[in-house]
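Given next are the chains, with one letter for each unit.
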Amino acid sequence: LAAACVREDESALRARMAQWFWIGDTLAFHAEAGCAAAVFRLTAPDIKSAMPVAGSAGEMLVHLRRTGRAALRARDQSPDQGLVDIVNRDRPMGMAMRRAALEGRGCMDVGAEDAFLRGLKGARSVLAWHGQSGAIMILDPDRGLALVAIGAE
């Protein structure tokens, strides 16, 4: 009964993330009705072929419209800058991503929130979005972390 009140299940989130990224141990996970957040150790910084990778916000939006998921690996551009570009190009999509990040922070402890914010600002970090689950993801290769934030449905 309590599980019905939780936004995301750790094993389901791990399984979904493992389709796209090389994840190892769960370092943090918390979920409740209005949010979910997780921090996973990356075992490799590569992105699997099931996750389309874009080099620009415009290209990411093309992939998102086609498949509902995409990663943005823009040269020398942080995920935060990429998110601003997406908001400027497709406000509803960009705002959904921003909302997931903001609401998801409600399920992060101090360490997870710090890692998420550092990843968001990292020039080598990758931004990813899965529209069906409303998950915004940050891959931080410098710290070896995959970070996930999910807001209310």
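Please refer to the structure higher up on the page.
Draft legend 1. Region of interest: the nonpolar core. Core analysis: the largest hydrophobic core is formed by 31 residues, its most contacted members being Met60, Ile86, Met97, Phe116, Leu127, Trp129 and Ile136. Non-local contacts of Ile86, meaning those with residues more than four positions away in its chain, are made with Ala57, Met60, Leu61, Leu72, Arg91, Met93, Gly94, Met97 and Leu127. Leu13, Ala31, Leu42 and Ile150 belong to the second-largest nonpolar core, a separate cluster that totals 21 residues.

Draft legend 2. Geometry of the sheet that holds strand β5 (residues 126–130). Taken in spatial order, the 7 strands of this open sheet run β1-β2-β7-β6-β5-β4-β3, and their pairing is mixed. A strand with exactly one partner marks an edge of an open sheet, and here the two such strands are β1 (21–32) and β3 (53–54). Pairing between β1 and strand β2 (residues 35–47): 9 bridges, direction antiparallel. For Ala31, the partnering residue across the bridge sits in β2 and is Ala36. The sheet strands contacting helix α5 (residues 110–121) are β2, β6 (135–140) and β7 (145–150), and the helix crosses β6 at an angle near 75°.

The rules behind these values
- Residues numbered from 1 in each chain as written.
- Predicted model: local features only at pLDDT ≥ 70, side-chain atom pairs only at ≥ 80, totals over all residues.
- Heavy atoms only, no water.
- Core = buried A, V, L, I, M, F, W, Y, C linked by side-chain atoms within 4.5 Å.
- Buried < 20%, exposed > 50% of the residue type's maximum accessible area, 1.4 Å probe, protein only.
- Contact = heavy atoms within 4.5 Å.
- Pairing = 2+ DSSP bridges.
- Helix = DSSP H or I, 4+ residues; strand = E, 2+ residues; numbered from the N terminus.
- Axes fitted to C-alpha atoms, helices over the stretch in contact; angles between N-to-C directions.

Without other data, these values stay purely geometric and don't point to any function.
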